[in-house]
Amino acid sequence: MDIAELSKKILAADRRALARAITLIESSRADHRAQAMELIEALRASDRQAIRIGLSGTPGVGKSTFIESFGLMLTGMGLKVAVLAVDPSSARSGGSILGDKTRMERLSRDKNAFIRPSPAQLHLGGVARRTREAVALCEAAGFDVVLIETVGVGQSETVVAEMADLFILLLAPAGGDELQGVKRGIMEIADIILVNKADGDLKPAATRTCADYTGALRLLRKRPQDPKDFPKAMLVSSLQDEGLAAAWDEMKTLVDWRRAQGHFDARRKSQAKHWFQEEVRHGLLAELKTPAMRAAMNTFADQVANGGMSPNSAAQELLKRLKS
Ligand SMILES: Nc1nc2c(ncn2[C@@H]2O[C@H](COP(=O)(O)OP(=O)(O)O)[C@@H](O)[C@H]2O)c(=O)[nH]1
Ligand SMILES: [Mg+2]
């Protein structure tokens, strides 16, 4: 593959080239990896910047419906929208977005939109690394907004928040007066909570849920990266296209404020550091998995088990071999 050519096409916003490039970064073959790194380096200079929006919510809350309506609204404003996913379960389910293509039919046909399902890899870490690289490719291709979807499973929200400028939590109206068991950690990373399905019979419940979350958000510790009145909860109906423009206005308000205050850049810088550290960690773990290291690991483990060596000194001996 000609990387210089591919990079030129991506910079010229060629969507097929972008799709091919993402396939390249998703490959774990060593030669593909090397080309992927070369491509990412080549595109680094472009310094185009999208607004990266992380979007999380449990299955059925309306993520796909929201992305379709919200995405079409944005492309209608002349913006280019890319949709990516971090779904560690996709290897089994076939991908949250892919399985839902029908719900995003119009958006997937829109020439100002680009939709890409989660890479089919088992580990969250692997999916996250590839998605982060895909975000960079989409930015280089000139997308104005990159939406990164994730199903609320365990740690995937935190991982998505680490690659997004804004984190949006989508909720459905609750039946009773309980707070739907949203974990505190998730509440703490949310910038805007959108209570979806605020229409028809569900409207009263949605309104109550929104009020509950407005209250809950007020109880959280104030974060330096928030202007007055943020984080906030709002009502939307993705199905009826209500509240979406207001939600977008709030997102822009928040981004503009953070840019002006320096929080936007500071967050991207600390995210870059985080991903650097993750890459180092990943690289070290990969080195431990070579046949020679695995064999050494087993030998030392047996010695430790037999009382021939202490766990500490065995670990030190093993790590010395990594350095040599
Ligand atoms: N009433 C109502 N139903 C919605 C709304 N958004 C999504 N739904 C419905 O909720 C169900 C799940 O939506 P989907 O977008 O697939 O959720 P996802 O699993 O989070 O991607 C579908 O039957 C949608 O039609 C909404 O704003 N109002
Ligand atoms: Mg979906």
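Keep in mind that this is a model prediction, so the values were computed, not measured. Numbers given for residues are sequential positions, taken from 1 along each chain in its written order. For this description, chains carry letters from A and ligands carry numbers from 1, given in the order in which they are written. At least 70 in pLDDT is required for a residue's local features to be given in this predicted model, at least 80 for side-chain atom pairs to be given and counted, and no such filter applies to totals for whole chains, interfaces and linings, which use all residues. Each side-chain value is derived from all of the structure's non-hydrogen atoms; neither hydrogens nor water enter the calculation.

1. Some words on the environment of Glu 105
And step 1. Runs of H or I in DSSP of at least four residues are treated as helices and runs of E of at least two as strands, each being numbered from the N terminus. In this fold, Glu 105 is placed in helix α7 (residues 105-109).
And step 2. Between the alpha carbons of Glu 105 and Glu 68 there is a distance of 7.8 Å; along the sequence they are 37 residues apart.

2. Observations regarding the side chain of Gln 271
And step 1. Turning to its location among the elements, Gln 271 is positioned in helix α13 (residues 263-288).
And step 2. Only 3.2 Å separates the side chain of Gln 271 from the backbone oxygen of Ala 161, close enough to count as a polar contact. Contacts described as polar in this section are N or O atom pairs within 3.5 Å, which, within protein, must combine one atom able to donate a hydrogen with one able to accept it, while residues neighboring in sequence count only if both atoms come from side chains.

3. Quick look at the pairing of strand β5 (residues 166-171)
The side chains of a regular strand alternate between the sheet's two faces.
And step 1. Categorising residues by exposure relies on relative accessible area from a 1.4 Å probe, with only protein chains included: less than 20% of the type maximum marks a residue as buried, more than 50% marks it as exposed, and the intermediate range marks it as partly exposed. Most of β5 sits inside the fold, with six of its six residues counted as buried.
And step 2. Pairing between strands is defined by DSSP: at least two bridges between them are needed. In this structure, strand β1 (residues 51-57) lies alongside β5, joined through four bridges in parallel fashion. Opposite Ile 53, over in β5, you have Leu 166 as the bridge partner.

4. A word on the side chain of Arg 223
And step 1. Along the chain, Arg 223 turns up in the loop between α11 (203-219) and β7 (232-235).
And step 2. The exposure class assigned to Arg 223 is buried, which follows from its relative accessible area of 12%.
And step 3. Here the side chain of Arg 223 touches Glu 188 through a polar contact of 2.9 Å, landing on its backbone oxygen.
And step 4. Within the structure, Arg 223 has its side chain in polar contact with the side chain of Asp 226 (distance 2.7 Å).
And step 5. Apart from residues lying up to four places away in sequence, Arg 223 is in contact with Glu 188, Ile 189, Ala 190, Asp 191, Pro 231 and Arg 258. Whether two residues are in contact is decided by their heavy atoms, any of which lying within 4.5 Å being enough.

5. Some remarks on α11
And step 1. In this scheme, a helix's expected span is set at 1.5 Å multiplied by one less than its residue total. Over its 17 residues, α11 runs 25 Å from end to end, which matches the ideal 24 Å to within 8%, given 1.5 Å per residue.
And step 2. What α11 keeps buried is the set Ala 205, Ala 206, Thr 209, Cys 210, Tyr 213, Ala 216 and Leu 217. Buried residues in α11, looked at end-on, bunch into an arc of 135 degrees, giving them a common side. Facing away from the buried surface of α11 by more than 90 degrees, the exposed residues are Arg 218 and Leu 219. This arc is taken over the directions from the axis of the helix to the C-beta atoms.

6. Some points on the sheet that holds β5
And step 1. Strand order in the open sheet formed by seven strands is β3-β2-β4-β1-β5-β6-β7, and the pairing between neighbours is parallel. The sheet is open, and its two edges are formed by β3 (113-115) and β7, each paired on a single side. Sheet twist, expressed as the average angle between the axes of neighbouring strands with direction ignored, equals 20 degrees.
And step 2. Across six bridges, strand β2 (residues 81-86) lies against strand β4 (residues 145-151) in parallel orientation. Each bridged residue has a counterpart across the sheet, and for Val 81 the counterpart in β4 is Val 145.
And step 3. With axes taken as lines fitted to C-alpha atoms, and helix axes fitted only over the stretch in contact, angles between N-to-C directions fall between 0 and 180 degrees. Here helix α4 (residues 63-76) sits on the sheet and contacts β1, β2, β3, β4, β5 and β6 (192-195); the angle it forms with β4, its principal contact strand, is near 175 degrees.
And step 4. Strand contacts of helix α8 (residues 124-140): β1, β2, β3 and β4, with the helix running at about 170 degrees to β2, the strand carrying the most contacts.

7. A look at the nonpolar core
The nonpolar side chains of a soluble globular protein tend to be buried, and buried together.
And step 1. The nonpolar core is taken to be a set of buried Ala, Val, Leu, Ile, Met, Phe, Trp, Tyr and Cys residues, with the residues joined through side-chain atoms within 4.5 Å. Ile 10, Leu 137, Val 146 and Ile 193 are the most contacted members of the largest nonpolar core, which totals 51 residues.
And step 2. By residue number, the principal contributor to this core is α8, which donates eight residues.
And step 3. When residues no more than four places from it in sequence are discounted, the contact partners of Ile 10 are Ala 17, Leu 18, Ala 21, Leu 39, Leu 43, Leu 137, Ala 140 and Ala 141.
And step 4. Residues Leu 166, Leu 170, Phe 230 and Ala 247 belong to the second largest nonpolar core, which totals 33 residues.

8. Quick word on unusual backbone geometry
And step 1. Looking along the chain, the bond that leaves Phe 230 and enters Pro 231 is cis, with omega of -10 degrees.
And step 2. Examined against the element boundaries, Pro 231 turns out to sit in the loop between α11 and β7.
And step 3. Non-glycine residue Ala 13 carries a positive phi angle of around 65 degrees.
And step 4. Along the chain, Ala 13 turns up in the loop between α1 (3-11) and α2 (15-26).
And step 5. Overall, Ala 13 belongs to the partly exposed group, its relative accessible area being 30%.
And step 6. Backbone geometry at Lys 197 places phi at a positive 70 degrees, although glycine is not the residue there.
And step 7. Counting through the fold element by element, Lys 197 comes out in the loop between β6 and α11.
And step 8. Residue classification places Lys 197 among the partly exposed positions, given a relative accessible area of 28%.

9. What to know about a nonpolar patch on the surface
And step 1. Here a patch means residues that are over 30% exposed by relative accessible area and free of salt bridges, tied together within 9 Å if like-charged and within 5 Å if nonpolar (Val, Leu, Ile, Met, Phe, Trp, Tyr). Computed with the Shrake-Rupley method and a 1.4 Å probe, the accessible areas treat only the protein chains shown as cover for residues. Salt bridges are counted wherever a side-chain nitrogen of Lys or Arg sits within 4 Å of a carboxyl oxygen of Asp or Glu. The grouping of Phe 276, Val 280 and Leu 284 at the surface amounts to a nonpolar patch, some 290 Å² of accessible area in total.
And step 2. Its location among the elements puts Val 280 in helix α13.

10. Quick word on the site of ligand 1
And step 1. Residues in close proximity to ligand 1 total 16 residues, the closest being Gly 60, Lys 63, Thr 65, Arg 103 and Asp 199.
And step 2. In this structure, Val 61 approaches ligand 1 through a main-chain N or O atom, which is 3.5 Å from an oxygen atom.
And step 3. Backbone polar atom of Gly 62 to an oxygen atom of ligand 1: 3.0 Å apart, as the coordinates give it.
And step 4. Protein chains bury 78% of the 580 Å² of accessible surface belonging to ligand 1 in isolation. Residues are counted as near a molecule or strand when any one of their heavy atoms sits within 4 Å of it.

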